[in-house]
Amino acid sequence: MGLLSDPNRRRALISLLTRLNAPICVVCYMAGVAWFMGLAFEPFTLRTYMSENAMGSTMVEERFPSGERALATGREFSAHKKRAGGMPVDWLVKTMQARGLEVFTQRFSRTLPFPDENKERYMVKGTNVYGILRAPRAPRTEALVLSAPCTPGDNNNQAVGLLLGLAQYFRNQIFWAKDIIFLVNEHDLIGMQAWLEGYHHTNTTGMDWSPLQGRGGSIQAALSLELSSDVITSMDLVLEGLNGQLPNLDLANLFYAFCQKIGVLCTIQGKLQRNDWDSVSGYSHSVQTMMLMVMKQASGRPWGDHGLFLRYHIEAATVRGINSFRQYKTDTTTIGRLLEGMYRKLNNLLERLHQSYFFYLMPSLSHFVSIGYYMPAFGLLAVILLLRALDLWVQLATPPQRTEDGVPDTEQMSSPGVLSVLTPLVISHLTGVALYTLPIQFQEMAVEHFPVSETEAVVLTAIAVYTAGLALPHNTHRLLSGEGTEQGWKVLKLVAVLYLAVLLGCTALINFSLGFILALTLVPVAAFVTPHVPKVLSAFILVILSPACTLLFSVFFFQELQEVPTSFQEGWLLYLSVISQGILDHFLYGSLVYPLIALLVYPCWLLFWNILFWK
């Protein structure tokens, strides 16, 4: 405290920080990237462990015997689905009733803001079917959910068959202390959203659905099952939910513990766990797995039906069967025993899962990186913004230099007007509002005047508005009286740097992966852009590090991580598809990535673009 209270020492410290500002910023940036890359190195991670005492032991005897019967039921479901041309509602109701469940249906409909060309749908109508197994040994105030989406074609029929097989087996057991809800939802996430809104009596997305006639207790946990083959070689755990939310780590630990006990090969991000962490290939494998989780979390979209449960504080995950590793094979009976063991342990819960971590990264299923380990990487990037803000503040507070005649320099003395700072802020955010609203508003007009579909019109309008924002410096200076002063761009940059620091800090607290990726690209821009750098080269660098180009690079990088490299043309089409899906996810499920980029991140980037072309 003496260092800050002593005026002489405080001035010396500030002088040191301003004099070495650029080198310190470079070191902090390199240290932040190095810290993040080191998180995948196994000695720097923590081993997973069960925090919830009620689930601390896997000493339950799994007896599910009906794997082959479940596959037969799945084939029967597939035949009825083909005959009905969609969800075989009547057959599902009769089958669930025959297994002793209380069966109910829910109808729903949703008109998309524009057609989803990936799944070829616009007017969506469907029916959810669910059966409730009432708890025989408790007052029925709590519930667990097991769901399986009914997807077009031959996908996921085996999952529905196994769900019905587990329902019949669970019905004959007497130890259940919670209601168990078996749900078959149509139209994947849209159907799940309708059922969750109906179950919790909320309507946040404007969807039309019929009220639920049957209801269980408060949902404690949920699993979504996806199986699309009779031959399963491994079970993959999907954790990433809406807006980067993750379930409590104990749910992942429970899955891993039972896989180890039963002998099921388990993966995360589709990657097998390796033991050669001390080799280059082993470390590279861990980095690849962790980066896949970072990229998926940063997208903000739910990567399985479980992702929508998390917004209701329900711990949920998707268990997905994979048929990739030919030397292994897991039969349906073993998968049923795995799910039985997990539900028997969840049945023992006396309270919601809360003792383990909610913020983490996983380079493998046996190791994790807690928030206390990965946040310093972001902090090292964020401190650069504070150092640059301090440097600008000192420059603005320093008295102007005097000329040879002893008269203060009038050019440096002239203080910036309010308009010179306020105008770029207003115009930048108005451009962001246009980017958020115009693509949906103008799609009909674009379709009438140009030979494009509704989806193409939305995406191309968004790109056009984004590109039009590059003309902002010219429009800004036309509104200003006279030219901007030297102090003017410094004040504007000070405001923009502090704005970006707060924005990235809040984003990283909600979705670390998104905040870190944005910090990697925007912090260098914010730190070193001035009106005195070479215009053409700096403008090129700013465009390369802009949010749109960051998304484009992320698309190609994600494909490389998945070991599915694409050509530039395929990558560009995938990029356009990602934009349309991001907008749809916002309007359908409430994903916050699109409004965050359009209304906050892009306007903030435009402020630095304006500073570069400051007159």
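Residues numbered from 1 in each chain as written. Predicted model: local features only at pLDDT ≥ 70, side-chain atom pairs only at ≥ 80, totals over all residues. Heavy atoms only, no water.

Engineer: When you look at a nonpolar patch on the surface in this model, what are you seeing that I'm missing?
Structural biologist: Residues Val418, Leu422, Val426 and Leu430 make up a contiguous nonpolar surface patch of about 380 Å² in total accessible area. Structurally, the position occupied by Leu422 is in helix α13 (residues 418-441). A relative accessible area of 44% places Leu422 in the partly exposed class. (Patch = residues over 30% accessible without salt bridge, like charges linked within 9 Å, V, L, I, M, F, W, Y side chains within 5 Å. Areas by Shrake-Rupley, 256 points an atom, 1.4 Å probe, with all protein chains shown as cover. Salt bridge = Lys/Arg side-chain N within 4 Å of Asp/Glu carboxyl O. Helix = DSSP H or I, 4+ residues; strand = E, 2+ residues; numbered from the N terminus. Buried < 20%, exposed > 50% of the residue type's maximum accessible area, 1.4 Å probe, protein only.)

Engineer: Sorry if this is basic, but what is going on with the domain arrangement of the chain here?
Structural biologist: Interfaces are often sized by the amount of accessible area the parts lose when they come together. Partitioning the chain into domains gives domain 1 (10-39 + 373-399 + 417-613) and domain 2 (61-365). Here the C-alpha centre of domain 2 lies 37 Å away from the C-alpha centre of domain 1. Residue-level contacts link 38 residues of domain 1 with 37 residues of domain 2. Carbon and sulfur atoms supply 63% of the area buried between domain 1 and domain 2, which totals about 3,300 Å² over both sides. It is Leu561, Leu588 and Tyr589 that lose the most area in domain 1 upon contact with domain 2, and together they represent 22% of the buried surface on that side. In this assembly, domain 1 and domain 2 are joined by two salt bridges. Glu563 is the salt-bridge partner of Lys271, the closest N and O atoms lying 3.4 Å from each other. For the pair domain 1 and domain 2, the number of links is 13 residue pairs in polar contact (both at pLDDT 80 or more). Of all elements in the fold, only α3 (21-38), α15 (454-468), α17 (486-510), α18 (512-528), α20 (547-561) and α21 (568-589) reach the threshold of two or more residues within the side of domain 1 that touches domain 2. A per-element tally of the side of domain 1 that touches domain 2 places α21 first, with nine residues. (Domains from an automatic or database assignment. Contact = heavy atoms within 4.5 Å. Buried area = accessible area lost by both parts, 1.4 Å probe. Polar contact = N/O pair within 3.5 Å; in protein donor to acceptor, adjacent residues only side chain to side chain.)

Engineer: Would you mind going over the packing of helix α5 (residues 89-98) against helix α6 (residues 157-171) with me for this structure?
Structural biologist: Packed helix pairs are specified by the crossing angle of their axes together with the interaxial distance, meaning the distance between the axes. Their axes nearest at 10 Å, the elements α5 and α6 cross at an angle of 30°. Between α5 and α6, the angle falls in the class roughly parallel. The handedness of the crossing between α5 and α6 is right-handed. Facing Trp91, Leu92, Thr95 and Met96 of α5, the residues of α6 in contact are Val160, Leu163 and Leu164. (Axes fitted to C-alpha atoms, helices over the stretch in contact; angles between N-to-C directions. Parallel < 35°, antiparallel > 145°, perpendicular 65-115°, else oblique. Left-handed = near helix turned anticlockwise from the far one by under 90°.)

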